[in-house]
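# An overview of the molecular structure
As a plain string of letters, each chain reads:
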Amino acid sequence: SLLKISAKKAKIIITTSANSKQDIIKILKIPEEKIQIIYIGIDKIFRPNHHKNDLDKIKAKYNIFNKFILHVGTLNPRKNIIQLIEAYNKLPKNILKEYQLVLAGKKSWWFAAIYTKVQELHLENRIIFTDFVEDDVLPFLMNASDLLVFPSLYEGFGIPPLEAMACGTLVIASNTSSIPEVLGDAALLFDPNNAEEMANAMYKVLTNEQLRDELRKKGFERIKIFSWEKTARETLKVYKKVYKNYRSRLK
């Protein structure tokens with residue numbers, strides 16, 4: 001394929017996580033020393049916002065009338081939305097009554113299957129689909145939410161959980177692919193194929209104040225690792241290395 005040809009011709013391949021590096025080695029048969037890991041950054045628009053008016057406005061925009069659990073990402077099979085809905089439905093009735101589930105992301109060809117699941121479980125009044133959310137609106141939505149759930153089956157990096165942490169929002173996420181590497185101990189992790197385990201993680205974070213405080217503090221520490229300035233510096237270093245090697249061969 002064109003991807004394999006390009007990868008073999010490249011002097012250096014930049015990827016965003018150690019997990020992706022292992023995938024490139026395994027699938028494209030690229031030598032390890034040819035691959036450089038550079039983490040990506042978080043936009044500075046993601047920061048805490050405690051202005052009640054801002055948060056009330058964003059809830060009104062999407063017809064959210066309760067506290068809510070948030071998911072951010074395109075609604076496709078890899079994002080594991082049906083399992084998330086199953087897990088949400090397993091929460092105790094008092095939690096379901098108190099928290100809505102807001103699915104923020106562009107609808108894909110898989111949307112019909114997702115909505116069928118919502119109807120099967122009679123959750124039409126508890127689950128909100130926002131469709132695509134603009135970049136300048138997303139930080140307000142994250143700030144207004146009590147918890148971000150990221151149940152993805154596979155991610156090369158996975159930025160929404162970090163953006164949520166930057167807003168002071170609590171995160172639970174899958175224990176698969178690059179997600180544990182990126183989030184460290186700042187999120188509660190679960191098996192994305194186990195709806196019961198996902199529901200238990202949601203319940204723990206929503207009801208345990210001490211755990212919430214710990215995760216929030218760890219989240220603010222974790223995001224310090226990821227900045228676009230650092231990404232740019234490390235990328236420039238790679239470019240200079242390639243250029244230097246190129247120049248040396250011309251002499």
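Heads up: the structure comes first, above all this text.
Only a predicted model underlies this, so the values are computations on that prediction, with no experimental measurement involved. (Residues numbered from 1 in each chain as written. Predicted model: local features only at pLDDT ≥ 70, side-chain atom pairs only at ≥ 80, totals over all residues. Heavy atoms only, no water.)

## Focus: helix H6 (residues 111-120)
Our working definition: Partly exposed describes any residue whose relative accessible area lies between the buried limit of under 20% and the exposed limit of over 50%, with all areas from a 1.4 Å probe on protein chains only and scaled to the type maximum. Secondary structure elements are taken from DSSP: a helix is a run of H or I of four residues or more, a strand is a run of E of two residues or more, and numbering for both begins at the N terminus. Each C-beta atom gives one direction from the helix axis, and the arc is the one those directions make. Contacts are residue-level and defined by heavy atoms, with any inter-residue pair within 4.5 Å sufficient.
Within H6, burial applies to Phe111, Ile114, Lys117 and Val118. Take H6 and look down its axis: the buried residues cluster within an arc of 125 degrees, on one side only. In the core, the buried residues of H6 are packed alongside helix H4 (81-89) and strand S5 (127-131). Trailing H6 by a residue or two, His122 shows a phi angle of about 55 degrees, which is positive.

## Side note on the environment of Val133
By the element assignment, Val133 lies in the loop between S5 and helix H7 (138-144). A C-alpha to C-alpha distance of 26 Å links Val133 and Thr176, two positions 43 residues apart in sequence. Apart from residues no more than four positions distant in its own chain, Val133 is found in contact with Tyr62, Ala104, Leu138 and Leu141.

## Structural notes on the nonpolar core
Let me state the cut-off plainly: Joining through side-chain atoms within 4.5 Å is the link that ties buried Ala, Val, Leu, Ile, Met, Phe, Trp, Tyr and Cys residues into a set, and such a set is a nonpolar core.
Core analysis: the biggest nonpolar cluster contains 35 residues, and Leu70, Leu141, Met142, Leu162 and Leu183 have the highest contact counts within it. Counting residues in each nonpolar core, the second largest holds 33 residues, with Tyr88, Leu96, Phe111 and Ala201 among its members.

## As for the sheet that holds strand S3 (residues 67-72)
Rules: Two strands make a pair as long as DSSP finds a minimum of two bridges between them. To obtain an axis, a line is fitted to C-alpha atoms, over the contacting stretch when the element is a helix, and the angle between two such axes runs from 0 to 180 degrees between their N-to-C directions.
If you walk across this open sheet you meet the six strands as S5-S4-S3-S6-S7-S8, and the pairing is parallel. Bordering the open sheet on either side are S5 and strand S8 (188-190), each of which pairs with just one other strand. Put simply, the sheet's adjacent strands are angled 25 degrees from each other on average, direction ignored. Looking at chain direction, strand S7 (residues 170-174) and S8 are connected through three bridges and run parallel. For Ser174, the partnering residue across the bridge sits in S8 and is Phe190. Helix-sheet contacts for helix H10 (residues 195-207) involve S3, strand S4 (99-104), strand S6 (147-150), S7 and S8, and the interaxial angle to S8 is about 165 degrees.

## Structural notes on the environment of Met198
Looking at the secondary structure, you find Met198 in helix H10. Met198 sits in the buried class, given a relative accessible area of 0%. Separated by 25 residues in sequence, Met198 and Ile223 place their C-alpha atoms 23 Å apart. Among residues more than four places away in sequence, those in contact with Met198 are Asn80, Gln83, Leu84, Ala87, Val149, Pro151, Ile172, Phe190 and Pro192.

## Observations concerning a nonpolar patch on the surface
Operational definition: Nonpolar side chains (Val, Leu, Ile, Met, Phe, Trp, Tyr) are joined into patches within 5 Å and like charges within 9 Å, using only residues with over 30% relative accessible area and no salt bridge. What sets the accessible areas is the Shrake-Rupley method with a 1.4 Å probe; for residues, cover comes only from the shown protein chains. A pair is scored as a salt bridge if a Lys or Arg side-chain nitrogen falls within 4 Å of a carboxyl oxygen belonging to Asp or Glu.
A surface patch of nonpolar side chains, about 310 Å² in accessible area, is lined by Ile14, Leu236 and Tyr239. One can find Tyr239 in helix H12 (residues 228-250).

## Let's talk about helix H3 (residues 52-61)
Along an α-helix, a turn takes 3.6 residues, which lines up residues three or four apart on a common side. Among all positions of H3, only Leu55, Ile58 and Lys59 are buried. The buried residues of H3 occupy an angular sector of 100 degrees when the element is viewed end-on, so they sit on one face. Opposite its buried face, H3 presents the exposed residues Asn53, Lys57, Ala60 and Lys61, each directed more than 90 degrees away. Following H3 by one or two positions, Asn63 adopts a phi angle in the positive range, close to 65 degrees.

## Some thoughts on the pattern of salt bridges
What the rule picks out here adds up to 14 salt bridges. Glu32 serves as the salt-bridge partner of Lys21, at 3.9 Å between the closest nitrogen and oxygen. In this pair, Lys21 is assigned in helix H2 (residues 18-28) and Glu32 in the loop between H2 and strand S2 (35-37), connecting sequence segments eleven residues apart. Taking the relative accessible area as the measure of exposure, Lys21 reaches 14% and is therefore buried. Taking relative accessible area as the criterion, Glu32 reaches 47% and is therefore assigned partly exposed. Among the salt bridges present, the one from Lys79 reaches Glu155, with a minimum N-O distance of 2.6 Å. With a gap of 76 residues between them, Lys79 in the loop between S3 and H4 and Glu155 in the loop between S6 and helix H8 (160-166) connect regions that are remote in the sequence. Take Lys79 and Glu155: they sit in the same class, and that class is buried. Connected through salt bridges with shared partners, the residues Arg78, Lys79 and Glu155 form a single ionic network.

## A word on the packing of H4 against H6
Heads up, the condition is: Here roughly perpendicular refers to angles of 65 to 115 degrees, roughly parallel to angles under 35, roughly antiparallel to angles over 145, and oblique to all remaining angles. Each helix crossing is assigned a hand: it is left-handed if the near helix lies turned anticlockwise from the far helix by less than a right angle, otherwise right-handed if that turn is clockwise. Here the term charged refers only to Asp, Glu, Lys and Arg, the term nonpolar to Ala, Val, Leu, Ile, Met, Phe, Trp, Tyr, Cys and Pro, and the term polar to all other amino acids, Gly among them.
Packing of H4 against H6 leaves a shortest axis separation of 9 Å and a crossing angle of 10 degrees. Regarding the angle of H4 to H6, the classification is roughly parallel. Considering only the axes of H4 and H6, their crossing is right-handed. In this structure, H4 uses Ile81, Ile82, Ile85 and Glu86 to contact H6, whose residues at the interface are Ala113, Ile114, Lys117 and Val118. Across the contact of H4 with H6, the residue classes tally to six nonpolar, no polar and two charged.

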